[in-house]
Amino acid sequence: MLKVAVVGASGYTGVELLRLLHGHPEVTVSCVTSEQNAGRPVAEIFPTLRGRYAQQLENLEPVRVAEKADLIFTALPHKAAMEVVPTFLKLGKRVVDLSADYRFNDAAVYESWYEPHLNPELLGQAVYGLPEVRRAEIVPAQLVGNPGCYPTCTILGLQPLVRQGVIDPTTVIVDAKSGVSGAGRGAKVDNLYCEVNEGFKPYGVGGVHRHLPEIEQELSLLAGEQVMISFTPHLVPMDRGILATSYARLAADLSPADLVRLFGEFYAGEPFVRVLPQGSFPSTAHVRGANFCDIGVTVDTRTGRVIVVSAIDNLVKGAAGQAVQNMNLMCGFPETMGLDGLALFP
Ligand SMILES: NC(=O)C1=CN([C@@H]2O[C@H](COP(=O)(O)OP(=O)(O)OC[C@H]3O[C@@H](n4cnc5c(N)ncnc54)[C@H](OP(=O)(O)O)[C@@H]3O)[C@@H](O)[C@H]2O)C=CC1
Ligand SMILES: CC(=O)N[C@@H](CCC(=O)OP(=O)(O)O)C(=O)O
């Protein structure tokens, strides 16, 4: 059995990792950590784990964590992750980091959107953990930077178009909506029930959201030229789910049927990407709790713009599920192992 540690197990992506790993036949969870809840049983914080996880949350002491595990998931806020990941690597452990600390190729880009990087030399060895883009690089990686939730949803929706060169890459607009768990479990006034329950609002408007450079980095690498996007996220009164509607000017004469065929062929064989039939579009309800990215595509023939709608569960394909998918690839397990569950909605 592979021994894994979940560092940051008292957070939303941490508990989602524990939920998924419980059903994984090749893995045993050997260590769970927290900052403020150290000393408490993890099942006391998350009663869904009762009777299945007896562990107590430990303080994050990197050497002790590394001694207990072969592979470590770091589900920490950015900055906290890069404070401990180098120790894990030095002790020969493999790491899947769910924060933004190892997603960027260029430290200067990270630093202009986040903060000074504590170990920029590791960015060259970290692999961006989107299996549908970089499967072969993930397999031997010691350090995987698990993608952000909006980037996962957006990049999977746009990848076939940029790879095939059928859109003008300077015309991409992404209008995305997220459930509130995307902001993590920490208490914030903006995320209180009364603040979010009756309304639906944009945030990070005007090209200032930190997922913008991540999406542009990956799409530009795929396109072989700079892709510029306008990206506006919205906070929706639901627990989970991301739905991104992306628009771009078509550079080729393609019908809705052509586009559905193009997407279907591009993602043929991908276990977690479901291209919907012509005229069908995804719902966050249909991926809730599951590791799927559902995609619907068409063209507005009046404006010549392609419209792609993609949906994921931010905590599963957008975080913990993708992290387990990466672990499976790194460890030689079947890629879908522990991730076969369907959505919670009919
Ligand atoms: N939520 C989402 O949908 C997604 C999140 N991510 C990223 O994944 C990471 C985790 O996110 P999420 O689970 O939502 O966050 P949460 O805020 O829900 O959880 C954070 C976890 O980290 C622990 N922690 C916080 N600060 C420290 C510290 N300085 N030292 C040690 N432990 C610490 C917390 O422990 P405690 O509170 O017990 O002290 C908690 O266990 C973040 O980087 C986030 O950006 C990525 C994709 C999607
Ligand atoms: C609703 C909400 O607040 N969502 C978060 C995105 C969560 C995520 O994936 O962020 P990381 O890049 O930090 O991993 C946000 O907009 O910042």
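Residues numbered from 1 in each chain as written. Chains lettered and ligands numbered in written order. Predicted model: local features only at pLDDT ≥ 70, side-chain atom pairs only at ≥ 80, totals over all residues. Heavy atoms only, no water.

An unreviewed UniProt entry lists the protein under the name N-acetyl-gamma-glutamyl-phosphate reductase, with Geotalea uraniireducens as the source organism. One UniProt comment on the protein, placed under Subcellular location (unreviewed entry), says "Cytoplasm". The UniProt entry for the protein carries this comment under Pathway (unreviewed entry): "Amino-acid biosynthesis; L-arginine biosynthesis; N(2)-acetyl-L-ornithine from L-glutamate: step 3/4." (UniProt positions renumbered as here; feature names shortened; annotations may be inferred.)

Caption draft 1: Summary view of the packing of aromatic side chains. The tally for this structure, following the rule as stated, stands at 6 aromatic pairs. Centre to centre, the rings of Y150 and F231 are 5.3 Å apart; their planes meet at 75°, and the pair counts as edge-to-face. Of this pair, Y150 sits in helix α7 (residues 149-164) while F231 sits in strand β9 (residues 229-235), placing them 81 residues apart in sequence. Exposure remark for Y150: the relative accessible area of 2% places this residue in the buried category. Owing to a relative accessible area of 2%, F231 belongs among the buried residues under this scheme. (Phe/Tyr/Trp six-rings, centres within 6.5 Å; stacked < 30°, edge-to-face > 60°. Helix = DSSP H or I, 4+ residues; strand = E, 2+ residues; numbered from the N terminus. Buried < 20%, exposed > 50% of the residue type's maximum accessible area, 1.4 Å probe, protein only.)

Caption draft 2: Structural detail: the packing of helix α1 (residues 12-22) against helix α11 (residues 316-331). Two elements in contact, α1 and α11, have axes whose closest approach is 9 Å; the angle formed by their N-to-C orientations is 50°. Comparing their axes, α11 and α1 come out oblique. In terms of crossing hand, the pair formed by α1 and α11 is right-handed. Facing α1, whose interface residues are T13, E16, L17, R19, L20 and L21, α11 presents V316, A319, A320, G321, A323, V324 and M327. A class-by-class count of the residues in the contact of α1 with α11 yields 9 nonpolar, 2 polar and 2 charged. (Axes fitted to C-alpha atoms, helices over the stretch in contact; angles between N-to-C directions. Parallel < 35°, antiparallel > 145°, perpendicular 65-115°, else oblique. Left-handed = near helix turned anticlockwise from the far one by under 90°. Contact = heavy atoms within 4.5 Å. Nonpolar A, V, L, I, M, F, W, Y, C, P; charged D, E, K, R; others polar.)

Caption draft 3: How the structure looks around the sheet that holds β9. Ordered in space as β8-β9-β7-β10-β13-β12-β11, the 7 strands form an open sheet in which the pairing is mixed. In this open sheet, the two edge strands, each paired with only one partner strand, are β8 (201-202) and β11 (273-275). Those strands touched by helix α10 (residues 256-266) are β11, β12 (293-300) and β13 (305-312), and its axis lies near 150° from that of β12. (Pairing = 2+ DSSP bridges.)

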